[in-house]
Amino acid sequence: EEYRPLLPSRETSLRILTAALSPLDYGKWRRKPWYWRLFKVLKVPVELALLLTVPVVDPDKDDLNWKRPLNCLHVLTSPLLCVLTLKSGAYGLYQIQGVFPVWGLVTLVGSVLAIIIFITTSNEEPPKYHCVFAFLGFLASAMWINAAATELVNILRTLGIIFQLSNTVLGLTLLAWGNSIGDTFSDLTMARQGYPRMAFSACFGGIIFSILWVPGRGAGGRQQDPGVTPRCSPSLRQLEPDSLLVWILAGALGLSLVFSFVSVPAQCFQLGKAYGVCLLLYYLAFLCVALLTEFRVIRL
């Protein structure tokens, strides 16, 4: 509000677009130290990409953060982002009837919708369907997270191959941390913003989703070929039940859930530092036992 003009004025669409795409706050830039400026310069490309592809609807503002030229641009860039990041662009590069690519069709439809929205709306007042941009922003954010997580997992797999780590150790450490680091920061952010129940529910909801959906989708994704014996069927997934590490993984997960199931109601659902320290120590102990078992230090 400090930098708003005192007299009312009508800004042009080009000026609104330029101001909306600027990731720098010049007032804050002058007050911050040099290391903050250096870090900000490194973040500018990422922030610019997010501003170009992720629409934001802010109910705390009078105009609901309506930026007419930028929102019209989002109608084109957000769907294009979705088709080009899903399955690393496999769907976006697919050609309809072997002639017209999917990304071209999305670009054509998005351009037509953007022109229609630009013609039928004004810069001063958001349209009644402005809430639809919130769902579009949620979808675009999810695709950005999916793309970042996919590349992070690929990098971690590359590190595992370079350092010659087994698939078990790789999944137990690097891949598990890479898959969970996004959930960790999102849950911590929700808890600090005053939503501890949502964050706590997301912690256990993510585990249940991973346990039920991932093995269910992997085991039930293909049907067994008729006439093929179970041992030779490529559709079956074998986890080597005789391995000690499999029992350690399953036992540690079940024991942690039982511990939380008993201790949380015993504390009247008021979690303190002692509960957090116990969980961290339990994870470190589990990780040490699992790694020692994998490297044959602990064995039957």
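Residues numbered from 1 in each chain as written. Predicted model: local features only at pLDDT ≥ 70, side-chain atom pairs only at ≥ 80, totals over all residues. Heavy atoms only, no water.

**Remarks on the UniProt feature "transmembrane region" (unreviewed entry) in the protein chain**
Following the UniProt record, the feature "transmembrane region" (unreviewed entry) maps to residues 34–57, 69–94, 100–119, 131–149, 155–177, 198–216, 244–262 and 274–293 here. Secondary structure content for residues 100–119 is 90% helix and 10% strand, while the C-alpha to C-alpha distance between its ends is 28 Å. The straight-line gap between the two end C-alpha atoms of residues 198–216 is 25 Å; of that span, 100% is helix and 0% is strand. (UniProt positions renumbered as here; feature names shortened; annotations may be inferred. Helix = DSSP H or I, 4+ residues; strand = E, 2+ residues; numbered from the N terminus.)

**Concerning helix α5 (residues 102–120)**
Along an α-helix, a turn takes 3.6 residues, which lines up residues three or four apart on a common side. Compared with the 27 Å implied by 1.5 Å per residue over 19 residues, the 27 Å span of α5 between its first and last C-alpha is a close match. Inspection of α5 places V102, G104, V106, G110, A114 and I117 among the buried residues, and these make up the whole buried set. On its buried face, α5 sits against α4 (68–85), β1 (95–96), β2 (100–101) and α6 (132–162). (Expected span 1.5 Å × (residues − 1). Buried < 20%, exposed > 50% of the residue type's maximum accessible area, 1.4 Å probe, protein only. Contact = heavy atoms within 4.5 Å.)

**Observations regarding the packing of aromatic side chains**
Tallying each qualifying case throughout the model produces seven aromatic pairs. Judged by centre distance (6.4 Å) and plane angle (65 degrees), the rings of W29 and W36 are edge-to-face. Look at W29 and you get partly exposed, because its relative accessible area is 24%. With 6.1 Å between their ring centres and 15 degrees between their planes, F209 and W213 make a pair best called stacked. Here the residue F209 and the residue W213 both occupy positions in helix α9 (residues 196–220), the gap between them amounting to four residues, near one helical turn. Positioned over the ring face of W36 is K32, at 5.8 Å from the centre of the ring. Sitting over the face of the ring of F118, R68 holds its NZ or CZ atom 3.8 Å from the ring centroid. (Phe/Tyr/Trp six-rings, centres within 6.5 Å; stacked < 30°, edge-to-face > 60°. Lys NZ or Arg CZ within 6 Å of the ring centre and 35° of its normal.)

**Concerning the confidence of the model for the protein chain**
With 89% of its residues at a pLDDT of 70 or more, the protein chain shows a mean pLDDT of 82. The weakest mean pLDDT in the protein chain belongs to helix α7 (residues 167–172) at 78; the strongest belongs to α5 at 93. Counting contacts from residues 224–234, a segment whose pLDDT is below 50, to residues more than four positions away or on other chains yields nine contacts. (pLDDT = per-residue confidence, 0-100.)

**Observations concerning the environment of A134**
With respect to the helices and strands, A134 occurs in helix α6. Under the relative-accessibility criterion, A134 is labelled partly exposed at 36%.

**Some words on the pattern of salt bridges**
Evaluated as defined, the whole model comprises two salt bridges. One salt bridge in this structure joins E47 and K40, with 3.0 Å as the shortest N-O distance. Grouping residues by exposure puts E47 and K40 together as buried. With its nearest N and O atoms 3.7 Å apart, the salt bridge here joins K43 to E47. Of the two residues, K43 and E47 both sit in helix α3 (residues 34–53), four residues apart, roughly one turn of that helix. In this structure K43 comes out as partly exposed when scored by relative accessible area, which is 31%. Each of K40, K43 and E47 takes part in salt bridges that share partners, so that together they form one network. (Salt bridge = Lys/Arg side-chain N within 4 Å of Asp/Glu carboxyl O.)

**Quick word on the packing of α4 against α6**
Closest axis-to-axis distance for the α4/α6 pair is 9 Å, and the angle between their directions is 35 degrees. Pair α4 / α6 crosses with left-handed handedness. Residues N71, H74, V75, S78, P79, L81, C82 and T85 of α4 form the contact with α6, whose participating residues are F133, L136, L139, A140, M143, W144, N146 and A147. (Axes fitted to C-alpha atoms, helices over the stretch in contact; angles between N-to-C directions. Left-handed = near helix turned anticlockwise from the far one by under 90°.)

**Concerning the side chain of D187**
Note on placement: D187 falls in helix α8 (residues 174–192). Nearest to the buried, unbridged D187 among oppositely charged side chains is R192, at 12 Å. Excluding anything up to four places from it in sequence, D187 contacts A199, A202 and C203. (Lys, Arg positive; Asp, Glu negative; His and termini not counted.)

**Considerations on unusual backbone geometry**
Despite not being glycine, C268 has its phi angle at roughly 60 degrees, a positive value. Relative to the elements of secondary structure, C268 occurs in the loop between α10 (244–266) and α11 (273–294). Judged by its relative accessible area of 57%, C268 falls in the exposed class. You will see that F269, though not glycine, has its phi angle at about 60 degrees, which is positive. Locating F269 in the fold gives a position in the loop between α10 and α11. Residue classification places F269 among the exposed positions, given a relative accessible area of 64%.

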